[in-house]
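Topology and contacts: notes
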Amino acid sequence: AQSVTQPDIHITVSEGASLELRCNYSYGATPYLFWYVQSPGQGLQLLLKYFSGDTLVQGIKGFEAEFKRSQSSFNLRKPSVHWSDAAEYFCAVASLIHDMRFGAGTRLTVKP
Amino acid sequence: EPEVTQTPSHQVTQMGQEVILRCVPISNHLYFYWYRQILGQKVEFLVSFYNNEISEKSEIFDDQFSVERPDGSNFTLKIRSTKLEDSAMYFCASSVQGAYEQYFGPGTRLTVT
């Protein structure tokens with residue numbers, strides 16, 4: 001069965017600093033991978049997704065993620081963090097049909 | 001742009017009561033899903049629904065839960081006798097082709113007192 005691990009529960013970065021959020025997955029076939037962002041009390045907003053092709057995918061709000069099959073990773077990056085990026089970030093993996101599995105999430109705090 | 005809608009946005013109910021959470025998926029979508037997120041925790045898969053039947057369900061989705069597509073537009077999640085631990089945000093999602101392209105609704109916050 002597919003699963004997702006986000007090793008960092010909470011990360012704090014200074015505004016303007018770079019960011020990398022880690023995600024490792026376990027899945028038997030080629031996975032469909034996603035990053036979602038959730039502000040407090042809000043729904044899930046899709047940042048980006050990877051299905052196939054170029055392993056570096058660009059998303060909204062200046063985020064990007066790189067799929068590394070050899071490391072079973074799909075880490076999210078942003079070169080310069082803004083205060084409005086403070087939120088909870090979820091990595092997810094989906095099968096072709098049945099369901100999507102989410103990681104436990106990483107809470108991002110941005111220091112002024 | 002079409003979107004998934006959910007009503008109500010917030011529901012408060014007493015323990016033991018039945019609740020029905022409603023979702024209107026995107027009109028040409030064929031696959032429907034419910035997820036749950038307990039406060040401060042991760043999003044958990046509950047059930048997927050296709051061709052008027054459940055295609056997969058998690059261990060969370062026990063006999064207290066049921067889903068239905070009563071007409072051509074709504075997709076509902078019913079909890080027969082709510083427990084305190086059912087308090088969570090419930091997300092509906094839909095897709096055209098499968099789990100890899102789901103569109104999520106804004107969620108319904110269920111509070112059981």
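Look above for the structure.
Residues numbered from 1 in each chain as written. Chains lettered and ligands numbered in written order. Predicted model: local features only at pLDDT ≥ 70, side-chain atom pairs only at ≥ 80, totals over all residues. Heavy atoms only, no water.

Considering the interface of chain A and chain B
- Each partner contributes residues to the interface: chain A has 22 residues there, and chain B has 22 residues.
- Summing both sides of the interface, chain A and chain B together bury roughly 1700 Å²; the carbon and sulfur share of this comes to 58%.
- Connecting chain A to chain B are one salt bridge.
- The partner of Arg101(A) in a salt bridge is Glu56(B), with the nearest N and O atoms 3.9 Å apart.
- Summed over the shared surface of chain A and chain B, the result is two residue pairs in polar contact (both at pLDDT 80 or more).
- The element that contributes the greatest number of residues to the side of chain A that touches chain B is strand S5 (residues 32-38) of chain A, accounting for four residues.
- Looking at the side of chain A that touches chain B, its residues break down into twelve nonpolar, seven polar and three charged. (Contact = heavy atoms within 4.5 Å. Buried area = accessible area lost by both parts, 1.4 Å probe. Salt bridge = Lys/Arg side-chain N within 4 Å of Asp/Glu carboxyl O. Polar contact = N/O pair within 3.5 Å; in protein donor to acceptor, adjacent residues only side chain to side chain. Helix = DSSP H or I, 4+ residues; strand = E, 2+ residues; numbered from the N terminus. Nonpolar A, V, L, I, M, F, W, Y, C, P; charged D, E, K, R; others polar.)

Thoughts on the layout of surface pockets
- The calculated volume of the largest pocket comes to roughly 480 Å³.
- Considering the residues around the largest pocket, the lining is formed by 24 residues, among which Leu44(A), Gln45(A), Leu46(A), Phe104(B) and Gly105(B) are closest to the centre.
- Where the lining of the largest pocket is concerned, the elements lending two or more residues are S5 and strand S6 (45-50) of chain A together with strand S10 (103-104) of chain B.
- Considering every element that reaches the lining of the largest pocket, the biggest residue donor is S5(A), with four residues.
- When its residues are assigned to classes, the lining of the largest pocket shows eleven nonpolar, eight polar and five charged.
- Roughly 320 Å³ of internal volume is contained in the second largest pocket.
- Lining the second largest pocket are 19 residues, with Gln38(A), Pro40(A), Gly41(A), Glu88(A) and Gly40(B) sitting closest to its centre.
- Among the elements of the structure, strand S10 (87-94) and strand S12 (106-111) of chain A are those that each provide at least two residues to the lining of the second largest pocket. (1 Å grid on protein atoms, 1.4 Å probe; cavity = no way out; pocket = protein on both sides within 12 Å on 5 of 7 lines; lining within 4 Å. Points joined across faces, edges and corners; volume = space filled by probe spheres on them.)

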